[in-house]
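# Secondary and tertiary structure notes
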Amino acid sequence: MASPHPNLELRPLGNTGLKLSCVGFGASPLGSVFGPVSEHDAISSVREAFRLGINFFDTSPYYGGTLSEKMLGKGLKALGVPRNEYIVSTKCGRYVEGFDFSAERVTRSIDESLARLQLDYVDILQCHDIEFGSLDQIVNETIPALQKLKEAGKIRFIGITGLPLGVFTYVLDRVPPGTVDVILSYCHYSINDSTLGDLLPYLKSKGVGVITASPLAMGLLTENGPPEWHPASLELKSACQAAAAFCKEKGKNISKIAMQYSLSNKDVSSVLVGMNSARQVEENVSAATELATFGKDQETLAEVEAILSPVKNQTWPSGIQQS
Ligand code: NAD
């Protein structure tokens, strides 16, 4: 059957030659990190995502202590389509047991991930939340180990992820050009925090593909609000709650406004949103297709931005201090 959303935009990812759907499927919810998700719901959200034109799926061994990778693997297998029709990224170095970016651990990690995902290779392997490791180890040991995995055909491209934006420039300024293909930034390109925008020209000059994750600020920009563990300050949480209530009152949905905000910058290849049901998939894909047809809801966006202006670009600490 032809896709009902054949127009979900594909965007090039840096110099990789990959074309990612502008809405990417964040699989952390499949690890039940935002509340329990049944295997049935996990598989049907992956099926619905693919049916509606999403070709990019992101996970990590850390999410739900390997549960997300297992669920995503089942969902992808159930699609029954050729492997080259979807793009998978997973991560290494962060586990429920703790962080380990050693060459030995990340080399073992990919084999474990491939087994859980039921795949022969992943498209992108990313060092997960590198601000919790030694950045010099990432440069001198972890990335060289990932290059060997590339040569072995277990991964196609190398990425790094983290919250503080300075980790990206630190690493990219120290590795040979073309070594790191992709960066994944989160919670820095959404209505309440758009600081990633300042880094985009630098990333473009390096030929690095950009993925932005958490357009809903890990639940802050939803009607239901964030999970218990959310690290934002009370001030930021209550401002987002006020913005969500304002939208609801107006008959609008804050999550749609937030998705459209993140999707509007075409220098970002894919906006990774965590989804745990077919309904959420449909809503987020519709946000993208409506944006392409009608443009942003400028009036509501301006009102939400005004509510959030006292907390604009407020973030939270993450990682170990680097000397
Ligand atoms: P998010 O901002 O995408 O928010 C996810 C939450 O919003 C979940 O509770 C989800 O069920 C809910 N949601 C999704 N669509 C909705 C809708 N239309 N209406 C209402 N609620 C909706 O945060 P996230 O899941 O943390 O980030 C997305 C993905 O990005 C992750 O799953 C992960 O794959 C990736 N990510 C990576 C890193 C990293 O590498 N360090 C960090 C954060 C996120």
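Residues numbered from 1 in each chain as written. Predicted model: local features only at pLDDT ≥ 70, side-chain atom pairs only at ≥ 80, totals over all residues. Heavy atoms only, no water.

Once that is clear, we can look at the overall build of the protein chain. The helix and strand inventory of the protein chain stands at 10 helices and 12 strands. Its C-alpha atoms give the protein chain principal-axis dimensions of about 55 × 50 × 35 Å. The long-range share in the protein chain, meaning contacts at least 24 apart out of those at least 6 apart in sequence, stands at 77%. Only carbon and sulfur atoms are counted for the fraction: they give 52% of the accessible area of the protein chain, which is about 13,400 Å². For the protein chain, the distance from the average position of its 29 positive side-chain charges to the average position of its 35 negative side-chain charges is 4 Å. (Helix = DSSP H or I, 4+ residues; strand = E, 2+ residues; numbered from the N terminus. Contact = heavy atoms within 4.5 Å. Areas by Shrake-Rupley, 256 points an atom, 1.4 Å probe, with all protein chains shown as cover. Lys, Arg positive; Asp, Glu negative; His and termini not counted. Charge placed at Lys NZ, Arg CZ, Asp CG, Glu CD.)

As a further point, take the sheet that holds strand E3 (residues 23–26). Taken together, 8 strands build a closed barrel; the order of strands is E3-E4-E5-E8-E9-E10-E11-E12 and the barrel is parallel. Averaged over neighbouring strand pairs, the angle between their axes works out to 30° when direction is ignored. Two elements, strand E9 (residues 155–162) and strand E10 (residues 182–186), share 4 bridges in a ladder whose sense is parallel. Bridge assignment links glycine 159 to a residue of E10, and that residue is valine 182. Against the sheet, helix H3 (residues 103–117) touches strand E5 (87–92), strand E8 (122–127) and E9, its axis set at about 140° to E5. Packed onto the sheet, helix H4 (residues 135–151) meets E5, E8 and E9 and runs at close to 155° relative to E9. (Pairing = 2+ DSSP bridges. Axes fitted to C-alpha atoms, helices over the stretch in contact; angles between N-to-C directions.)

With the rule as written, the count across this model stands at 6 aromatic pairs. Taken together, a centroid distance of 6.4 Å and an interplanar angle of 55° make the contact between tyrosine 62 and tyrosine 63 tilted. Exposure remark for tyrosine 63: the relative accessible area of 16% places this residue in the buried category. Seen in terms of ring centroids, phenylalanine 99 and phenylalanine 101 are 6.2 Å apart; in terms of plane orientation they differ by 25°. Their pairing is stacked. (Phe/Tyr/Trp six-rings, centres within 6.5 Å; stacked < 30°, edge-to-face > 60°. Buried < 20%, exposed > 50% of the residue type's maximum accessible area, 1.4 Å probe, protein only.)

Under the defined criterion, the tally for this structure stands at 21 salt bridges. Here arginine 11 ties to glutamate 9 by a salt bridge, and the two come within 3.1 Å at their closest N and O atoms. The exposure class of arginine 11 is buried, given its relative accessible area of 4%. Taking relative accessible area as the criterion, glutamate 9 reaches 27% and is therefore assigned partly exposed. (Salt bridge = Lys/Arg side-chain N within 4 Å of Asp/Glu carboxyl O.)

The next thing to look at is the side chain of asparagine 265. Counting through the fold element by element, asparagine 265 comes out in the loop between helix H8 (254–263) and strand E12 (270–274). For asparagine 265, the side chain forms a polar contact with the side chain of tyrosine 189, separated by 3.2 Å. If we skip the residues at most four places from it in the chain, asparagine 265 touches Arg11, Tyr189 and Leu200. (Polar contact = N/O pair within 3.5 Å; in protein donor to acceptor, adjacent residues only side chain to side chain.)

Right, let's get into the site of the ligand. Taken together, the neighbourhood of the ligand is formed by 29 residues, with Ser28, Asp58, Asp129, Gly274 and Gln280 sitting nearest. Between a nitrogen atom of the ligand and a side-chain N or O atom of tyrosine 63, the distance comes to 3.5 Å. Contact between the ligand and glutamine 280: an oxygen atom at 2.9 Å from a side-chain N or O atom of the residue. Isolated, the ligand exposes 830 Å² of accessible area, and the fraction of that covered by the protein chains is 92%. Counting residues per element, the ones that place at least two in the shell around the ligand are E10, E12 and helix H9 (278–294). (Near = heavy atom within 4 Å.)

Sites flagged by UniProt as "domain: NADP-dependent oxidoreductase" (unreviewed entry) map to residues 23–290. The straight-line gap between the two end C-alpha atoms of residues 23–290 is 13 Å; of that span, 41% is helix and 17% is strand. (UniProt positions renumbered as here; feature names shortened; annotations may be inferred.)

With that out of the way, let us pick up the packing of H8 against helix H10 (residues 298–308). Each pair of packed helices gets described by two things: the angle between the helix axes and the distance between those axes. Between H8 and H10, the shortest axis-to-axis distance is 11 Å and the interhelical angle comes to 95°. In terms of axis orientation, H8 runs roughly perpendicular to H10. Where H8 approaches H10, its residues Ile254, Ile257 and Tyr261 are matched on the opposing element by Thr300, Leu301, Val304 and Glu305. (Parallel < 35°, antiparallel > 145°, perpendicular 65-115°, else oblique.)

So, on to the side chain of arginine 105. In this structure, arginine 105 sits in helix H3. Ignoring sequence-local partners within four residues, the contact set of arginine 105 consists of Tyr95, Asp100 and Glu112.

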